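Observations on the model geometry
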Amino acid sequence: MSFRTIWRKGLSAVMMSLTGLCALLTVSVLVLVLGFLGWNGATALHWSFFTNLLFLATLVGVPVGLLGAVYLAEYASSIPAFLVRYSTDLLNGVPSIVIGIFAYTIVVLPFHHFSAYAGGFALGVMMIPIILRSCEDFLRAVPGSLREGAMAVGASKWKTILTVVVPAASGGIMTAILLSLSRVAGETAPLLFTAFGNNFWNHGLNEPIASLPVVIYTYAISPYDDWHRQAWAAGLVLLGLVLVTNVVARGLLARPAGQRR
């Protein structure tokens, strides 16, 4: 065996070992964070911190984002489509605190109080560009032959979209919704301007409401051990929510196209 062959094999083994070590370190950090949060927070889990706000955000963001994606993929001509896409990309790049100020001006000031509705509106606005751009790509990926076949048997364009195109892209649409939820789940700044936070039991959505990021911050800097445990629990729930939604989203994308309906 020549020296050049030995050198190449040795270098390949070293580089493979280094890449494996880097991958192991990356996974180890995730396992360490999950384990640390689980050890400190599993005994004080409380799911109601985030369900109301994310549900309201879904009601705001999903219809607007999905209908906008349908318009871009199926109806828009070049100039309107360019303007909508450009505006959507700009909205996606706006800092979350600016979204919070916008929601504060639109929802909080006219009604003279903070509320879960205002927080859901702010998070919903942040979800719109993610859902719109992702769903547009998934809708465009539907083969044109499916559209032509539906219209050839007499279906109108809107019925073709509703009964053929959207169901064919349903897996991708669900993936976009899940990814947008995981994106906004940990947002803090918009909720400070809208939901404000509430350490007590709220009696409705039209008043300040607790949110996981604000709860984590408030409880972590408090002098009470019980609040510290709840802060760990809130961190565990938040990280678990993001982890689960990303795993489910990747699972949906990994399925064959014919099984995503």
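This text gives an overview of the structure that appears in the document. Computed from a prediction, not measured in an experiment: that's the story for all the values here.

All told, the structure shown has two cavities of 30 Å³ or more when counted by the stated rule. Together, Leu 91, Asn 92, Val 94, Ile 99, Val 125, Met 126, Pro 129 and Arg 183 line the second largest cavity. Its residues assigned to classes, the lining of the second largest cavity comprises six nonpolar, one polar and one charged.

Our next topic: the packing of aromatic side chains. Tallying each qualifying case throughout the model produces seven aromatic pairs. Residues Tyr 219 and Trp 227 carry aromatic rings whose centres are separated by 4.5 Å and whose planes lie at 25° to one another, so their mutual orientation is stacked. With a relative accessible area of 7%, Tyr 219 lands in the buried category. We classify Trp 227 as partly exposed; its relative accessible area is 25%.

Moving on: the side chain of Glu 187. Turning to its location among the elements, Glu 187 is positioned in the loop between helix 8 (170–184) and helix 9 (189–193). Within polar-contact distance, the side chain of Glu 187 engages the side chain of Ser 96 at 3.0 Å. Leaving out residues up to four positions away in the same chain, Glu 187 has contacts with Ser 96, Leu 123, Met 126 and Pro 213.

Turning our eyes to something else, we now look at the pattern of salt bridges. Counted according to the given criterion, the structure contains seven salt bridges. Measuring nitrogen to oxygen at the nearest pair gives 2.7 Å for the salt bridge that ties Glu 74 to Arg 147. One end of the pair, Glu 74, is in helix 2 (residues 51–75); the other, Arg 147, is in helix 6 (residues 144–152), with 73 residues separating them in the sequence. With a relative accessible area of 15%, Arg 147 lands in the buried category. As a salt-bridge pair, Glu 74 and Lys 157 come within 3.9 Å of each other at their nearest N and O atoms. Of this pair, Glu 74 sits in helix 2 while Lys 157 sits in helix 7 (residues 157–168), placing them 83 residues apart in sequence. Note on Lys 157: relative accessible area 32%, which makes it partly exposed.

Conventions adopted
Residues numbered from 1 in each chain as written. Predicted model: local features only at pLDDT ≥ 70, side-chain atom pairs only at ≥ 80, totals over all residues. Heavy atoms only, no water. 1 Å grid on protein atoms, 1.4 Å probe; cavity = no way out; pocket = protein on both sides within 12 Å on 5 of 7 lines; lining within 4 Å. Points joined across faces, edges and corners; volume = space filled by probe spheres on them. Nonpolar A, V, L, I, M, F, W, Y, C, P; charged D, E, K, R; others polar. Phe/Tyr/Trp six-rings, centres within 6.5 Å; stacked < 30°, edge-to-face > 60°. Buried < 20%, exposed > 50% of the residue type's maximum accessible area, 1.4 Å probe, protein only. Helix = DSSP H or I, 4+ residues; strand = E, 2+ residues; numbered from the N terminus. Polar contact = N/O pair within 3.5 Å; in protein donor to acceptor, adjacent residues only side chain to side chain. Contact = heavy atoms within 4.5 Å. Salt bridge = Lys/Arg side-chain N within 4 Å of Asp/Glu carboxyl O.

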